[in-house]
Amino acid sequence: MERTGIDIGSRSIEVVILNGDRVQRRQCDTGHDPLNQVRRLLNGVRPDRAMVTGYGRQMLEVEWDLPAVTEIKAYARGVHYMDGSSRTILDIGGQDTKVIALGPDGRIRKFEMNDRCAAGTGKFLELMASCLGFSLEAFGAAAMTAETSVQINSMCAVFAESEVTSLVTRGVDRHAIARGVHKAVAGRAVTMLNRVRWTEPLVFAGGVARNPAMVQILERMLDVRVQVPEYPQFVGALGAALLA
Amino acid sequence: MTEKYRSMWAGLGLDLDAHDMLMDVLGSLYAETYLKQPHRAEGMEYFDFVMSEVHGLRIEELLKEKEQGRKVVGSFCVFVPEEIVLAAGGTLVGLCSGADFAMEEVEKVLPRNTCALIKSAFGFKLGKVCPYLEVSDMIVGENTCDGKKKAYETLGTLTDNLYVMDLPQVKSEEGYDLLLAEYHRFAAQMEALTGVEITVDRLREAIGMVNAKRRALHRLAVLRETVPAPISGLDALLINQVAFYDNPERFTKSVNDICDRMEQAIAEEHRSGGGEGPRVIISGCPMAVPNWKLPAIVETSGGVIVGEESCVGERGQRNLVDAAGATLDELMDAIVDRYIQVDCAIFTPNPDRLAHIEELYHRTGARGVIHYGLQFCQPYIMESIPVEKALEDRGIPTLRIETDYSAEDVGQLTTRIQAFLEILK
């Protein structure tokens with residue numbers, strides 16, 4: 001029987017449909033009408049056995065009477081399914097960052113999540129990229145190739161923007177600033193990881209895990225290999241499908 | 001609340017338009033948070049009624065008491081001893097501090113980075129919307145945290161009837177002596193205010209009245225240990241909140257009445273009150289009316305709150321005063337013996353609080369602890385980190401929350417609380 005997992009994030013919606021060994025993945029932007037976007041992804045077919053997660057989970061819970069779980073549980077389930085030895089998950093998404101510590105049985109031991117603001121999230125990187133005139137893809141590449149890095153002190157998106165602007169006007173190489181921004185976000189993630197007393201193996205999921213500079217910087221800061229799943233953005237939807 | 005109180009409110013100097021706005025918000029928040037709860041414990045009608053008349057009938061009663069010569073004393077803290085106020089012929093009421101109001105005005109006199117509770121108290125004063133503040137003959141401030149003690153310096157410029165009580169920060173012999181000296185000074189102040197001498201008989205009677213109230217609240221706390229909980233955490237919190245406003249004797253009777261009904265419901269296995277989801281306790285900063293944000297998220301997410309390690313809860317109400325003393329000095333010592341046990345985070349060190357959290361956790365059969373810290377409340381936020389670590393080292397799942405009275409973080413909080421409850425299932 002088909003099992004459907006739907007992850008409605010602040011930036012994108014992912015759907016995973018499991019049928020035996022067959023895995024289907026679908027994705028689109030959340031946009032302004034997420035309910036319609038979900039309908040489109042499902043080709044108008046309301047799934048029989050489904051679980052919804054993510055920031056917008058309550059919407060489908062109400063509209064379609066689907067059961068819901070938090071992203072935290074969904075990510076834990078998805079990661080444990082892919083690799084049962086995983087002990088820590090870092091998920092940097094569009095508007096929040098989460099760290100989940102797993103026990104040997106895949107149960108959640110402890111989690112941390114940023115409160116209220118977009119500091120240290122995908123949205124923060126996006127804002128800083130646009131501030132420096134990079135596309136999101138070029139932003140990561142610029143940080144990778146930078147020879148130096150500058151310290152970014154503000155983690156508030158609004159203050160960081162003025163900090164970055166003032167660095168630019170002082171003639172600082174924007175590649176170095178890009179690296180500094182990545183390091184600031186990674187630093188924040190490391191603080192959260194330390195709070196849950198993280199252990200290896202560490203899985204990095206969520207949209208920002210596709211950014212190679214972030215992976216490289218995290219590996220250097222933590223001095224470990226960071227595992228990135230093949231489809232880091234689909235981990236939540238996969239977990240939800242498994243829980244359906 | 002209706003037209004009939006408008007002249008009373010105007011007489012107290014309230015800003016009627018602003019007050020109408022506040023009452024509208026409070027009314028709809030109450031309906032949304034409280035009246036929509038499924039399976040409420042039977043007997044909550046009285047407390048619903050008190051809440052619906054919190055700025056009406058109760059204020060009218062206080063004004064009548066004043067006509068008969070009683071004095072009304074307003075306070076912001078459980079360290080202000082109700083026994084002494086009652087013995088001197090006064091009535092003690094808690095002052096409003098549970099909602100954001102007139103924040104632009106507040107931030108003219110207080111820094112932005114001040115906790116929501118202090119800002120709220122100022123908002124009610126500057127916005128002229130708290131009838132309790134205006135009906136009070138004396139407002140008692142107390143040197144608990146730095147935020148409060150410095151804020152009272154400013155509050156003193158906004159009102160002419162502020163009295164500030166000093167409090168110890170260490171539970172040493174010297175700390176005990178300081179509290180005793182301050183309670184004697186407060187007793188003298190009360191006598192001067194009311195013109196009534198505090199005699200042994202009067203003080204003993206007052207101790208009995210307050211003990212009876214605390215005994216009733218303790219009975220409620222014990223009933224919440226039952227599985228499934230006979231009352232929602234929201235409703236139990238409300239009762240603890242009403243304790244600060246209501247007439248003490250009527251309140252005691254009402255709490256005992258609802259406890260009788262709960263006992264009966266439990267005996268008959270009649271399903272009411274709290275749900276069957278994961279049981280949690282809340283520990284940390286006090287929740288004043290109408291600050292129901294966190295418990296509302298917990299309980300609409302399927303959790304059941306079975307205890308509050310809080311000043312609006314067990315920390316503030318547990319322990320009785322020994323009324324056996326034969327002299328005033330003995331009774332005053334007994335009062336200090338009881339109050340010095342309040343394990344507020346202003347004390348250093350404060351190991352009793354951790355012990356109480358653990359005790360409450362085990363006693364209520366809770367599966368986790370949610371530590372509630374108000375942003376910028378240094379004492380509790382500082383304690384939250386070692387408390388979380390100590391609890392987790394003992395295998396007690398703990399979620400540390402830091403928030404304020406605004407609704408902007410409700411989405412994030414909901415996710416965190418739901419994930420925590422998922423872990424506890």
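Analysis parameters
- Residues numbered from 1 in each chain as written.
- Chains lettered and ligands numbered in written order.
- Predicted model: local features only at pLDDT ≥ 70, side-chain atom pairs only at ≥ 80, totals over all residues.
- Buried ≥ 20, exposed ≤ 12 C-beta atoms within 10 Å, placed from the backbone.
- Helix = DSSP H or I, 4+ residues; strand = E, 2+ residues; numbered from the N terminus.
- Contact = placed C-beta atoms within 7 Å.
- Core = buried A, V, L, I, M, F, W, Y, C linked by C-beta atoms within 7 Å.
- Pairing = 2+ DSSP bridges.
- Axes fitted to C-alpha atoms, helices over the stretch in contact; angles between N-to-C directions.
- pLDDT = per-residue confidence, 0-100.

Residue and element names in this part refer to chain B. Of all 11 residues in helix α7 (residues 116–126), 10 are buried, a share of seventy percent or more. Listing the buried residues of α7 in full gives Ala 116, Leu 117, Ile 118, Lys 119, Ser 120, Ala 121, Phe 122, Gly 123, Phe 124 and Lys 125. On its buried side, α7 packs onto α6 (103–109), α8 (131–135), α9 (146–158) and β7 (368–374). Phi turns positive one or two residues past the end of α7, at Lys 128, with a value near 55°.

Turning to the nonpolar core, a few remarks are in order. Counting 207 residues, the largest nonpolar core has A:Ile100 and A:Ala240 as its most contacted members. Take this core: its biggest share by element is nine residues, from helix α11 (residues 200–223) of chain B. If we ignore the near neighbours within four places in the chain, the residues touching A:Ala240 are A:Gly5, A:Ile6, A:Asp7, A:Met51, A:Val52, A:Thr53, A:Val69 and A:Ala74.

This part takes up the sheet that holds strand β3 (residues 22–29) of chain A. Residue and element names in this part refer to chain A. Across the sheet, which stays open at both edges, the four strands sit in the order β3-β2-β1-β4 with mixed pairing between neighbours. In this open sheet, the two strands that pair with only one neighbour each are β3 and β4 (50–53). Averaged over all neighbouring strand pairs, the angle between strand axes comes to 15°, with direction disregarded. Both strand β2 (residues 12–19) and β3 contribute to a ladder of eight bridges, which runs antiparallel. Across the sheet, the residue bridging to Glu 14 is Gln 27, located in β3. Set on the sheet, helix α1 (residues 34–41) makes contact with β1 (3–8), β2 and β3; between it and β2 the angle comes to about 30°.

Low pLDDT marks stretches whose predicted atomic positions should not be read closely. With 99% of its residues at a pLDDT of at least 70, chain B reaches an overall mean of 96. Interface predicted TM-score (ipTM) for the complex: 0.88; the corresponding pTM is 0.93.

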